[in-house]
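The chain contents come next:
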Amino acid sequence: MTRTVKITWDAVSARRAERQFLARPAGTGTPAAEVVGAMLGAHAQVLSAAELSVGMRADGLTRADVRTALWEERSLIKTYGPRGTVHLLPARELPLFSAALTAVPAGPSPFPPGVRLTEEQAGEVVTAIGDALDGRCLTLDELSEEVVARTGPWAGDRVMPAFQDLWPRWRQVMHRAGWAGMLCFGPNRGRKATYTRPVRGERGAHAEDDAPAAFVHRYLHAYGPATPQHFARWLAAPPGWATALFGELAAAGRIEEVDFEGTPAWVGAGDTGFPSGPGRGVWLLPYFDAYVVAAQPRERLFPGTAYRRALGAGQAGNYPVLLVDGVVAGVWHQRRRGRRTTVTVEPLRRLTARQQRELGEQVERVGEVLEATPELVVGEVTVGPHA
């Protein structure tokens, strides 16, 4: 009888830090896309936070390098990723992300019947978006005009509540157009964002019906061990679907059950090697960094007062966090003025001399990534989430 491998939180934290380029940043010259691939996407609703997420994981990488990869080299692409939120993704992996994300069953619409789109209408809108953006960069208003012209006046009805305003009905499925590879962000036109259609490459080795399985493997490699519920939460997928998918992979011998601090969890088959000691280090992670959003269980990642201070209604990422030896141990905020940036760090516990030194090094690295001269202030962070 095979004995279930027992794995501790310390060992898991150490491995995750290694695979996330936190324990050892990627070497000088490592492409930004390689770092983003290891993260399974960098949350980019606020692009400066994404630049910091990527830059903190690679020696010598700055926000300018990330922008070059995004807008000039096009090795990165800004589009809708997991949970329907804006992410930076490696352009070469867009086919995998598209196939996996479009395979996730759609949950019930949050909108009332008079507002929501039918599935037929949603398909029309996604097709219209792709046709309108093919070979062009359009602002949101320009795209809206094109979508309405290609579908019908119903698509432009301002019935969708959003941010104390009403948006056109078609915007309900804008993220689905991104998942389908029909839409991504283009360079800004002045202060306005633009959208275009990405150039789609070959699907490569990932057949469309195998993409969810490949996605599970990628997630478990970066953030495992994990349960189907952890995977579903990260992806905003139906828990029942995730449970069934894990069951299929387990039956096929493609994933392996382990004992993670007394709880059954999963890793890729044979991927049971973990560091022998705990991970040590201090890291500053920005808003919605992939590590704090995806790593579970959340109550271990955010122990004690961190759970109350660094989460917003149980949601990770609302505050930039101070990560110490694999757990959240504080929050921080940076305020830029010209060529200088003030980094205010609020530790939730006393730092050792080593940890204080490493915190100083992290602040210096923040300055390098942001191309600014940093100043460290240790004290209370008075701004709220998303500030």
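Residues numbered from 1 in each chain as written. Predicted model: local features only at pLDDT ≥ 70, side-chain atom pairs only at ≥ 80, totals over all residues. Heavy atoms only, no water.

Time to look at the overall build of the chain. Scanning the chain from N- to C-terminus turns up 15 helices and 16 strands. The C-alpha radius of gyration of the chain comes to 21 Å, within 12% of the 21 Å expected for a compact globule of 387 residues. Reported as C-alpha extents along the three principal axes, the dimensions of the chain are approximately 65 × 65 × 40 Å. Summing over all exposed atoms, the chain offers an accessible surface of approximately 17,400 Å²; the carbon and sulfur share of this is 51%. One way to put it: in the chain the 44 positive side-chain charges average out to a point 5 Å from where the 41 negative ones average out. (Helix = DSSP H or I, 4+ residues; strand = E, 2+ residues; numbered from the N terminus. Rg over C-alpha atoms; globule rule 2.2 N^0.38 Å. Areas by Shrake-Rupley, 256 points an atom, 1.4 Å probe, with all protein chains shown as cover. Lys, Arg positive; Asp, Glu negative; His and termini not counted. Charge placed at Lys NZ, Arg CZ, Asp CG, Glu CD.)

Moving on to the nonpolar core. Residues L76, L88, L183, F215, Y219 and F231 are the most contacted members of the largest nonpolar core, which totals 75 residues. Residue contacts for F215: discarding those within four places in its chain leaves L40, L96, F97, A100, L101, F231, W234 and L235. With 34 residues, the next largest nonpolar core counts W9, V292, L311 and V321 among its residues. (Core = buried A, V, L, I, M, F, W, Y, C linked by side-chain atoms within 4.5 Å. Buried < 20%, exposed > 50% of the residue type's maximum accessible area, 1.4 Å probe, protein only. Contact = heavy atoms within 4.5 Å.)

Strand order in the open sheet formed by three strands is 5-9-8, with antiparallel pairing between adjacent strands. At either margin of the open sheet sits one strand with a lone partner, and together these are strand 5 (138-139) and strand 8 (184-189). (Pairing = 2+ DSSP bridges.)

The predicted model of the chain averages 93 in pLDDT, with 96% of residues at 70 or higher. The least confident element of the chain, judged by mean pLDDT, is strand 6 (residues 158-162) at 89; the most confident is strand 5 at 98. (pLDDT = per-residue confidence, 0-100.)

Turning our attention to the sheet that holds strand 2 (residues 42-43). The strand order across the open sheet built from three strands is 2-4-3, with neighbouring strands paired in antiparallel fashion. In the strand order of this sheet, the two ends are held by strand 2 and strand 3 (76-80), each with one partner. As judged from the five bridges shared by strand 3 and strand 4 (residues 86-90), these two strands associate in the antiparallel manner. Each residue of the ladder has a partner; that of K78, found in strand 4, is L88. Each of strand 2, strand 3 and strand 4 is contacted by helix 2 (residues 32-39), which is oriented at about 115 degrees to strand 4, the strand it contacts most. (Axes fitted to C-alpha atoms, helices over the stretch in contact; angles between N-to-C directions.)

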